[in-house]
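Reading the structure
Spelled out, the chains give:
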Amino acid sequence: MAERVTLITGASSGIGLELTRIFAAKGHTCVLVARRADRLSELAEIVAATGAKKPIAIACDLAAEGAIARLVEDVAALGFEVEILVNNAGFGLAGAALTLDRAQQLEMIDLNVRALTDLTLRFADSIIRHRGGILNVASIAAFLPGPGMAVYYATKAFVLSFTEAMRAELHKSGVRVTALCPGPVPTEFQSRAGFVPGMDSKLLKVSAVDVARAGYEGLMANRRVVLPGFAVRSIPLLLRFVPRAWVLAAVAKVQQRHR
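Now for a look at the structure at hand. Source: prediction; values computed, not measured.

Topic: the pattern of salt bridges
Pairs can form between side chains of opposite charge whenever their charged atoms are close. Going through the model one piece at a time under the given rule, you end up with nine salt bridges. Across the salt bridge formed by E81 and R129, the nearest N and O atoms sit 3.2 Å from each other. You can see E81 sitting in strand β4 (residues 80-87) and its partner R129 sitting in helix α4 (residues 102-129), a full 48 residues away along the chain. Across the salt bridge formed by R122 and D118, the nearest N and O atoms sit 2.7 Å from each other.

Section: the nonpolar core
By size, the foremost hydrophobic cluster in this structure holds 51 residues, and its most contacted members are L7, L62, L71, V75, V82 and F123. If one sorts the elements of this core by residue count, helix α5 (residues 150-170) sits on top with eight residues. Every residue in contact with L7, bar those within four places of it in the chain, is listed here: V31, V33, V75, V82, I84, L85, V86 and F123. F23, A24, L135 and A212 belong to the second largest nonpolar core, which has 29 residues in total.

The rules behind the values
- Residues numbered from 1 in each chain as written.
- Predicted model: local features only at pLDDT ≥ 70, side-chain atom pairs only at ≥ 80, totals over all residues.
- Heavy atoms only, no water.
- Salt bridge = Lys/Arg side-chain N within 4 Å of Asp/Glu carboxyl O.
- Helix = DSSP H or I, 4+ residues; strand = E, 2+ residues; numbered from the N terminus.
- Core = buried A, V, L, I, M, F, W, Y, C linked by side-chain atoms within 4.5 Å.
- Buried < 20%, exposed > 50% of the residue type's maximum accessible area, 1.4 Å probe, protein only.
- Contact = heavy atoms within 4.5 Å.

Structure follows, in structure tokens:
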């Protein structure tokens, strides 16, 4: 019989790294996917040193053409079936959409949206068969329009919407589907995005360790959406009472300060 595994994308740093630590500590056999083979190998050794089962590392650029099909083939060739899928890979870019590099913004859509969707659909059969779970890492940005990071915010809105819809579709199959929506997290994501944290980030931030723990516990409890931290949890509620035009203006002002 095929061995059941937890596949984690974007596992080489930040939230993905911490999710790997938690899933491995809980006894999961983890398959780690990211572009940097050296970082994955180092993480696998660190996890193994704790006494947990050593994760399997697969270096893969999920945004590259044909990469996901090859990943699926590699997983099958190793004799694995995905029981839990953690779609964590993604990146952001700060700046006005018309001034940012168009190719990079389209690559962001490829990774944040297309790859997440493709992996979910390709592994759905095995996840259903094992009554497993899907944890999609979105963002508090999913609840907001994002002038100053327009494409990034839009990709995360897709992730949240897609996750909730898949949860409804898979409800009767016993599969857990959860969206993890953190606020600003001090990781490599911010430097790659060109994002300079301000006071608002300090108020909303939660560590990658705490975000990962909340995501794991939320998935195990089959929660629809996980919002780590009190300040972050308050935002969707507050948005119900604030005119959309005000929200647009406020986000644009905040994003301007982050550049």
